[in-house]
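A look at the structure
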Amino acid sequence: MATPILVVGHKNPDNDAICAAIGYAWLKNELAAREVEDGEEPPVYMPARLGPLPPESAGVLDKWGIPTPMIINNLYARVSDVMTYNPICIHAGSKIIEAGRTLRKHNVQALVVTNEDGTYKGLVSTRMIANRYISATDVLETEGASEMSVAADLIASLDQKVDTIMEHSILTFAADARLDESVADLMNQPFREAVVLDDDNIPIGIVTRSDIAVHPHRKVILVDHNEIRQAANGIEDAEVVEIIDHHRIGDVSTITPIKFLNMPVGSSATIVTLEAQRLGVDIPKHIAAALLSAIMTDTVVLKSPTATPTDKLVVDYLAGILGVDPTEFGIEVFSFRGGDDDMPIDELVSADSKEFPLGDGTVLIAQHETTNLDLVMGREKEMRDYMRGLIEKKGYDCILLMVTDIIAEGSQFICEGNRRIVNRAFNIECTGDGGTWMPGILSRKKQVAARILEA
Ligand SMILES: [Mn+2]
């Protein structure tokens, strides 16, 4: 069974990190199926994620029947990358002679011994059976037994049950255990084999000292990031085989040349769509929906200054496949976030917040995107109380919360702490009441942080 190649977005995933991974894994599988020779098994690309699904992703995946990408904790090589699957098993009640026959028949060195219900009990190897005979010769020399009686004992012992000679104290591993740690354990036990068990204690694999002589590296395609800080733990132990991204070039390095697509466009999903077009692969509706949703969230329905003419073309193409109006589609995706009225206040204010150093102090700029500004502003007092508490706790000079109305295309500034910092930068009069409407301000990175830091 070939180990799948993972396609994974950054830590703390947003909708683009999830949907670009789904889209690119789909594209790679399509291409692999085309290129495969007769009788060959194509490589399998599997989308994965490093954290919980954002609500808009959950909404899109649910609506379009797309399976949720599996969550992974790290990219370290695992026991399952080297183990032999489906080990040969024998019941503890079987006779030793049967164990001998089974070892011969399958030409293996060890059998996993199981209980009646198939759960793991121990292990019997050719060496354990051989040891029985070697110790018999010992009896011959030290106790002066006759050769005939020893031989008779040995023949009789073939009739005994396997569990009289099996070893109970063999190491067991979970399939997803880290290989480097497991190798150390395996080298420290007196036996050559370890048994791999599933959650129900059923043996699913066997791993020997010769299996671990090679250290495999998990293959991974990075989407929507190319910095180690944002990548899965264990990235340094993995083999990065491709990168699809729209952020600044970071610090992931590779040993061999790879396909590294980086474009200054509004989303990674845009690049995935361009690749499908370039390679002449038709995009099915569910994948078009995932990709379109990612472009819409990353570019705030194409209104963010990060949106480019290329994004616009790609959005029209995907909306054409789906037969939808792109803006309506985008607003529906944002509405999956929902819950502006019952969202916990810490989440509403700080889920998307970034600290910026300013002089000797720190400014926190938070952003909450909404399709219902009135609903959010109804919680103004709650938000301000929470922001003042944050300032007290963290010592910020100032917190600016941008409540961004993606339909009206602007942001309501709510400011606590030293408001002069914000007022000076934008030449406005933010007060402690009601906030200040800033038409056209949608991007924290391009339109707000830059201005405050320069002022
Ligand atoms: Mn992105």
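Residues numbered from 1 in each chain as written. Predicted model: local features only at pLDDT ≥ 70, side-chain atom pairs only at ≥ 80, totals over all residues.

1. Thoughts on the overall build of the protein
When you go through the protein residue by residue, the secondary structure sums to 15 helices and 18 strands. Relative to the compact-globule value of 23 Å for 455 residues, the protein shows a C-alpha radius of gyration of 31 Å, a clear excess of over 25%. Taking the principal axes of the C-alpha coordinates as reference, the protein spans close to 105 × 55 × 40 Å. Among the 455 residues that make up the protein, the fraction classed as buried is 38%. The long-range share in the protein, meaning contacts at least 24 apart out of those at least 6 apart in sequence, stands at 66%. (Helix = DSSP H or I, 4+ residues; strand = E, 2+ residues; numbered from the N terminus. Rg over C-alpha atoms; globule rule 2.2 N^0.38 Å. Buried ≥ 20, exposed ≤ 12 C-beta atoms within 10 Å, placed from the backbone. Contact = placed C-beta atoms within 7 Å.)

2. Quick notes on the nonpolar core
Of all hydrophobic cores here, the largest spans 111 residues; its most connected members are Ala21 and Leu291. With ten residues, the single largest contributor to this core is helix H1 (residues 15–35). Setting aside chain neighbours within four positions, we find Leu291 in contact with Cys19, Gly23, Ala269, Val272, Thr273 and Leu318. (Core = buried A, V, L, I, M, F, W, Y, C linked by C-beta atoms within 7 Å.)

3. Examining the domain arrangement of the protein
As assigned here, the protein comprises domain 1 (5–76 + 217–335), domain 2 (80–213) and domain 3 (345–454). Computed from C-alpha atoms alone, the centre-to-centre distance between domain 2 and domain 3 is 66 Å. (Domains from an automatic or database assignment.)

4. Re the packing of helix H8 (residues 285–298) against helix H10 (residues 326–335)
Viewed as axis vectors pointing N to C, H8 and H10 meet at an angle of 80°, and their least axial separation amounts to 9 Å. If you check the angle between H8 and H10, you find them roughly perpendicular. Residue-level contacts link Leu292, Ser293, Met296 and Thr297 of H8 to Phe329, Gly330 and Val333 of H10. Looking at side-chain class alone, the contact of H8 with H10 contains four nonpolar, three polar and no charged residues. (Axes fitted to C-alpha atoms, helices over the stretch in contact; angles between N-to-C directions. Parallel < 35°, antiparallel > 145°, perpendicular 65-115°, else oblique. Nonpolar A, V, L, I, M, F, W, Y, C, P; charged D, E, K, R; others polar.)

5. Concerning the environment of Gly432
Take Gly432: it is sitting in the loop between helix H14 (420–426) and strand S18 (436–439). Gly432 sits in the exposed class, given 12 other C-beta atoms within 10 Å. Each C-alpha atom of the pair Gly432 and Cys415 lies 7.1 Å from the other, and the pair is 17 residues apart in sequence.

6. Some words on the pairing of strand S16 (residues 398–405)
Taking burial as the measure, the eight residues of S16 include eight buried ones, the bulk of the element. Alternating residues of S16 divide into Cys398, Leu400, Met402 and Thr404 and Ile399, Leu401, Val403 and Asp405, and every residue in both groups is buried. Both strand S15 (residues 361–370) and S16 contribute to a ladder of eight bridges, which runs parallel. Residue pairing for S16: Thr370 is matched across the bridge by Asp405. Direction of pairing for S16 relative to strand S17 (residues 410–417): antiparallel, over a ladder of eight bridges. Each residue of the ladder has a partner; that of Met402, found in S17, is Phe413. Counted along the chain from S16 to the antiparallel partner S17, the turn is four residues long, and its residue Glu409 has a positive phi close to 60°. (Pairing = 2+ DSSP bridges.)

7. Things to note about the packing of H8 against helix H9 (residues 309–322)
Between H8 and H9, the shortest axis-to-axis distance is 9 Å and the interhelical angle comes to 145°. As for the relative orientation of H8 and H9, their crossing is left-handed in sense. Across from Lys285, Ala288, Ala289, Leu291, Leu292 and Ile295 in H8, the residues of H9 making contact are Asp311, Val314, Val315, Leu318, Ala319, Ile321 and Leu322. For the contact of H8 with H9, a count of residues per class yields eleven nonpolar, no polar and two charged. (Left-handed = near helix turned anticlockwise from the far one by under 90°.)

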